[in-house]
Amino acid sequence: MKRREFCRSFLGFGSTIVLAGAISSCGVLEAGVYTINQENCDGCGDCVNSCSYGAIELKDDKAAILTSKCEGCGKCKSKCDNGAISEE
């Protein structure tokens, strides 16, 4: 899980927020990280084009997620017609 500071910037200390299914209190939001099942990936690139963070690349005609860039938004999963992307 990736940790991002949101409450401190936007809501103040002690706040609790719910965003994308993750619950955070006192400044830390946990976002899911996604993985790609290489057997189901057909290398179409729809997930690459959908990622606003540049967290997916095609390598050897298969998608690969760069976990250091993944923000856990899930856009890639919703674009994958093969069901190759899942949340860890």
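Residues numbered from 1 in each chain as written. Predicted model: local features only at pLDDT ≥ 70, side-chain atom pairs only at ≥ 80, totals over all residues. Heavy atoms only, no water.

Draft legend 1. Molecular detail of the pairing of strand 7 (residues 62–65). Burial along strand 7 is one-sided: the residues Ala63 and Ile65 are buried and none of Lys62 and Ala64 is. Linkage of strand 6 (residues 56–59) to strand 7, two consecutive antiparallel strands, is achieved through a turn of two residues, within which Asp60 is found at a positive phi near 55°. (Buried < 20%, exposed > 50% of the residue type's maximum accessible area, 1.4 Å probe, protein only. Helix = DSSP H or I, 4+ residues; strand = E, 2+ residues; numbered from the N terminus. Pairing = 2+ DSSP bridges.)

Draft legend 2. Molecular detail of the environment of Glu87. Counting through the fold element by element, Glu87 comes out in strand 8 (residues 85–87). Overall, the relative accessible area of 43% leaves Glu87 in the partly exposed class.

Draft legend 3. Examining the nonpolar core more closely. One finds Ile36, Ile56 and Ile85 to be the most contacted residues of the largest nonpolar core, which totals 14 residues. At the level of elements, strand 5 (34–36) and strand 7 are the ones that each hand at least two residues to this core. The residues touching Ile36, leaving out its near neighbours within four places in the chain, are Cys41, Ile56, Ala63, Ala64, Ile65, Ala84 and Ile85. (Core = buried A, V, L, I, M, F, W, Y, C linked by side-chain atoms within 4.5 Å. Contact = heavy atoms within 4.5 Å.)

Draft legend 4. Representation of the confidence of the model for the protein in the model. Per-residue confidence for the protein averages 75 on the pLDDT scale, and 64% of its residues sit at or above 70. Ranking the elements of the protein by mean pLDDT puts strand 2 (residues 16–19) last, at 38, and helix 2 (residues 46–50) first, at 97. Under a pLDDT of 50 for its full length, residues 1–30 has, in the predicted model, 48 contacts with residues more than four places off or in other chains. (pLDDT = per-residue confidence, 0-100.)

Draft legend 5. Structural context of unusual backbone geometry. Although it is not a glycine, Asp60 sits at a positive phi angle of roughly 55°. Tracing the sequence through the fold places Asp60 in the loop between strand 6 and strand 7. Residue Asp60 is classed as exposed on the basis of its relative accessible area, which comes to 78%. Here Asp61, not a glycine, exhibits a phi torsion of approximately 60°, which is positive. In this structure, Asp61 sits in the loop between strand 6 and strand 7. By relative accessible area, Asp61 is classed as exposed at 63%.

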